[in-house]
Amino acid sequence: GQQVMQIPQYQHVQEGEDFTTYCNSSTTLSNIQWYKQRPGGHPVFLIQLVKSGEVKKQKRLTFQFGEAKKNSSLHITATQTTDVGTYFCAEPGGTSYGKLTFGQGTILTVHP
Amino acid sequence: NAGVMQNPRHLVRRRGQEARLRCSPMKGHSHVYWYRQLPEEGLKFMVYLQKENIIDESGMPKERFSAEFPKEGPSILRIQQVVRGDSAAYFCASSPKTDAYGYTFGSGTRLTVV
């Protein structure tokens, strides 16, 4: 079945340091989505990447989609305490378009 | 325009009881998805429904779990004879179509089985 490997599982940074989480898929993806979940909260959609080699930015967040469309990364520049949470990548597909397969997530802790 | 509404937010059930989780999609959304999140784990797909139809239930346990999305009213995820291992956060998401740009999740129902 589909598998999305996401690393690292945990990341502790000092406020102001950068942070990156990576996702790797065993298959070529039509697109990849990224979500953020605050502690005790629900997943919130951040972005979707579709094109090979695509790079998108949202303020301090930079999202990349690999040339082969099998991997993706989320990079946060100069982390802030508000960045705390779990970041998930998710790939669509399987038996229906509605199904998302989520990575295990990277839990980010930012120390002030 | 209210988001995806889930209730209750927290639900405590004794082993063997039934749990009913409700999800009202965003206005105009006819596709509903249920996901389960065990403590410290990612989200696992359970079921995808459209009005009055189950489209994909490949992630649903074969026994005790059922889901519906009637013509009128919210989508219901029903767990019969709950066991401790059912304790988890259950999230519902909705979209206006299958290839929508991202999914909107509800706040979830945290089920605790004691």
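Structure: see above.
The structure displayed is predicted, hence computed values, not measured ones. (Residues numbered from 1 in each chain as written. Chains lettered and ligands numbered in written order. Predicted model: local features only at pLDDT ≥ 70, side-chain atom pairs only at ≥ 80, totals over all residues. Heavy atoms only, no water.)

A. Molecular detail of the pairing of strand E9 (residues 88–95) of chain B. Residues and elements named next belong to chain B. With eight of its eight residues buried, E9 lies for the most part within the structure. Residues Ala88, Tyr90, Cys92 and Ser94 line one face of E9 and the alternating positions Ala89, Phe91, Ala93 and Ser95 line the opposite face, and both faces are buried. Examined bridge by bridge, strand E4 (residues 31–37) and E9 share seven bridges and lie antiparallel to one another. Bridging across to E9, Arg36 finds its partner in Tyr90. Here E9 pairs with strand E11 (residues 109–113) via three bridges, running antiparallel. By the bridge assignment for E11, Ala89 is matched with Arg110. Inspection of the sheet shows E9 paired to strand E10 (residues 104–105) by two bridges, in the antiparallel sense. For Ser94, the partnering residue across the bridge sits in E10 and is Thr104. (Buried < 20%, exposed > 50% of the residue type's maximum accessible area, 1.4 Å probe, protein only. Helix = DSSP H or I, 4+ residues; strand = E, 2+ residues; numbered from the N terminus. Pairing = 2+ DSSP bridges.)

B. Here's a closer look at the packing of aromatic side chains. This model, assessed by the stated rule, comprises eleven aromatic pairs over all chains. Each ring, one from Phe19 of chain A and one from Tyr87 of chain A, has its centre 5.7 Å from the other, and the planes form 45 degrees; the classification is tilted. You can see Phe19 of chain A sitting in strand E3 (residues 19–25) and its partner Tyr87 of chain A sitting in strand E9 (residues 85–92), a full 68 residues away along the chain. By relative accessible area, which is 1% here, Tyr87 of chain A ends up buried. What links up through ring pairs into an aromatic cluster is the set Tyr35, Phe45, Phe88 and Phe102 of chain A together with Tyr35, Phe45 and Phe105 of chain B. (Phe/Tyr/Trp six-rings, centres within 6.5 Å; stacked < 30°, edge-to-face > 60°.)

C. Representation of the interface of chain A and chain B. With 23 residues of chain A at the interface, the matching set in chain B holds 22 residues. Here chain A and chain B share an interface that buries about 1800 Å² over both sides, 53% of which is from carbon and sulfur atoms. Counting across the interface, chain A meets chain B through zero salt bridges. Counting residues per element, the ones that place at least two in the side of chain A that touches chain B are strand E4 (32–37), strand E5 (43–49) and strand E10 (100–102) of chain A. Per element, the largest residue contribution to the side of chain A that touches chain B is four residues, and it comes from E5 of chain A. Broken down by class, the residue content of the side of chain A that touches chain B amounts to ten nonpolar, eleven polar and two charged. (Contact = heavy atoms within 4.5 Å. Buried area = accessible area lost by both parts, 1.4 Å probe. Salt bridge = Lys/Arg side-chain N within 4 Å of Asp/Glu carboxyl O. Nonpolar A, V, L, I, M, F, W, Y, C, P; charged D, E, K, R; others polar.)

D. Just the sheet that holds strand E6 (residues 55–58) of chain A, in detail. All names here are of chain A. Here we have five strands laid out as an open sheet, ordered E1-E3-E8-E7-E6, and antiparallel in their pairing. Two strands bound the open sheet, and with one partner strand each, they are strand E1 (4–7) and E6. Across the sheet, the mean angle from the axis of one strand to that of its neighbour is 15 degrees, orientation sign disregarded. Bridge analysis of strand E7 (residues 61–65) against strand E8 (residues 71–76) gives five bridges, and the strand direction is antiparallel. By the bridge assignment, Leu61 is partnered in E8 with Ile76. (Axes fitted to C-alpha atoms, helices over the stretch in contact; angles between N-to-C directions.)

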